[in-house]
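Results of the structural survey
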Amino acid sequence: MVYDGPILDNHFHLNRKGLFLEAARSFQRVGGTDLVLVHCPDFAAPPETLEGHQTAYADTLSMAQSVRDEVGLGVRVVLGPHPAAFAHQFERWVSEDGDAGKERAVENYRHSIEAALAFVHEGQAHAIGEVGRPHWPVSDEIWDLSNELLDETMHLAAQEGLPLQLHVEGESEDTYPDLAKRALRQGMDLRKLIRHYSPPDVREAHTHGLTPSVLCGKGALERLVETHSMAKNGFFLETDYMDDPRRPGAVLGPKTVPKRTQQLLAAGVDEEVMWNTHSALPNRVYGE
Ligand SMILES: [Zn+2]
């Protein structure tokens, strides 16, 4: 049996210096219909002003429009301050200016959220992300500040009814329970808390009610097949495709989600489950 319904990649980046529209076309050629395009900052020079964030986001929105117009895919857009860019900026500014540097970093984080929210209100963006915590060991000061700002962003998401795409540290037993606890404290609907780069164990007992977006490398299939029926809201599939000319095909190539979808079906996963992953769940989480 071949699945011929919609196919959505829930975490995809594009870069004008990478394959750009060609990457979207490769995805489409193997059955892809919808992308969730996540803003990727210029890590070498992330914005330092409100206007800088607006300009950087406007470029991601314009790439999304080109994919809709020239390739014909459905595209949702996720905008926000990448935790890696933010943490590096914070480290640099604090080492240069101490407390004043810390204030500057917090203000810059808030500006990047403010600029993203304005585009959400205009209907041009659909979620905030990727936000979260550094995925490498950092000082307690940076860890605590990252958590404070994450709580603040969860509070905003709860008030606005917005989805968040989270980028957090690698697998640890505490990660999911800690995120769920923080989000509930801020009043968030846990369904709208999407963990990007999620491991393939999607059982509710493991995810604590968050929505996992599973990085679908080959090794993820078996675990997904075993656990999908115990998921709470279902799960997304993603590649975290970077469109980076220096690392072609990283993290996973643009054709991976359509390919894995067919493999999941062949392994006995119901068509309805795939329909949820690619259509019903995105509509529930992001809106139609
Ligand atoms: Zn990413």
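These remarks concern the structure in this document. Note that the coordinates shown come from a computational prediction; the quantities given were computed from them, not determined experimentally.

The helix and strand tally for the protein chain stands at nine helices and eight strands. Taken over the C-alpha trace, the protein chain has a radius of gyration of 18 Å; the compact-globule value for 288 residues is 19 Å, and the two agree within 12%. Summarising its shape, the C-alpha atoms of the protein chain cover approximately 60 × 40 × 35 Å along the three principal directions. Looking at the protein chain as a whole, 57% of its 288 residues are labelled buried. By sequence separation, contacts in the protein chain at least 24 residues apart represent 73% of the contacts at least 6 residues apart.

What follows deals with helix H7 (residues 220-227). Three or more residues of H7 are buried, namely Ala220, Leu221, Leu224 and Thr227. One side of H7 holds all its buried residues, which, seen down the axis, span an arc of 150°.

What follows concerns the side chain of Asp151. Considering the arrangement of structural elements, one finds Asp151 in helix H4 (residues 140-160). Residues contacting Asp151, with those up to four places away along its chain left out, are Arg182, Arg185 and Gln186.

Reference values for coordination geometry: four tetrahedral donors around a metal ideally subtend 109.5 degrees, six octahedral donors ideally subtend 90 or 180 degrees. For the zinc ion, the full set of protein donor atoms is His11 (NE2), His13 (NE2), Glu130 (OE) and Asp240 (OD), and the range of their distances to it is 2.2 to 2.5 Å. Geometry at the zinc ion is irregular, judged from the four donor atoms that bind it and their angles of 82 to 172° at the metal. Written as a sequence motif, the donor arrangement for the zinc ion is H-x1-H-x116-E-x109-D. Taken individually, His11 and His13 each receive the classification buried, so the pair is uniform in this respect.

Here the focus is the pattern of salt bridges. Scanning the entire structure with this criterion turns up 14 salt bridges. A salt bridge links Arg104 to Glu48; the nearest nitrogen and oxygen atoms lie 3.2 Å apart. With Arg104 in helix H3 (residues 83-121) and Glu48 in the loop between strand E2 (34-38) and helix H2 (50-71), this pair connects stretches of sequence that are 56 residues apart. With a relative accessible area of 37%, Glu48 lands in the partly exposed category. Among the ionic pairs, Arg223 bridges to Glu226, the shortest N-O distance being 2.6 Å. Of this pair, Arg223 and Glu226 both sit in helix H7, three residues apart, which is roughly one turn of that helix.

Glancing now at helix H8 (residues 256-266). When H8 is considered as a whole, its buried residues turn out to be Thr256, Val257, Pro258, Arg260, Thr261, Leu264 and Leu265. Looking at the buried side of H8, the elements it contacts are strand E1 (8-12), helix H1 (21-29), H7, strand E8 (236-238) and helix H9 (271-286). A positive phi of about 105° marks Gly268, the residue just after H8.

Conventions adopted
- For every chain, the first residue of the written sequence is number 1, and numbering continues from 1 along that sequence.
- Reporting of local features is limited, given that this is a predicted model, to residues whose pLDDT is at least 70; pairs of side-chain atoms are given and counted only at 80 or more, and all residues count toward the totals for whole chains, interfaces and linings.
- Derived side-chain values reflect all non-hydrogen atoms in the structure, with water molecules and hydrogen atoms excluded from consideration.
- Helix and strand labels come from DSSP, where a helix needs a run of H or I of at least four residues and a strand needs a run of E of at least two; each type is numbered from the N terminus.
- Two things to know: the radius of gyration comes from C-alpha atoms, and the globule rule equals 2.2 Å times the number of residues to the power 0.38.
- Partly exposed describes any residue whose relative accessible area lies between the buried limit of under 20% and the exposed limit of over 50%, with all areas from a 1.4 Å probe on protein chains only and scaled to the type maximum.
- Two residues form a contact once any of their heavy atoms are found within 4.5 Å.
- Directions are taken from the helix axis to each C-beta atom, and the arc is the one they span.
- Metal donors: N, O and S atoms at distances within 2.8 Å, or within 3.2 Å for Na, K and Ca, with water omitted from the atom set so that some sites may seem incomplete.
- Only two sets of limits are used to name each site, 85 to 135 degrees for every angle of a tetrahedral four-donor site, and over 155 degrees for opposite donors with all other angles from 65 to 115 for a square planar four-donor or octahedral six-donor site, with any other site named irregular.
- A carboxyl oxygen of Asp or Glu within 4 Å of a side-chain nitrogen of Lys or Arg is what we treat as a salt bridge.

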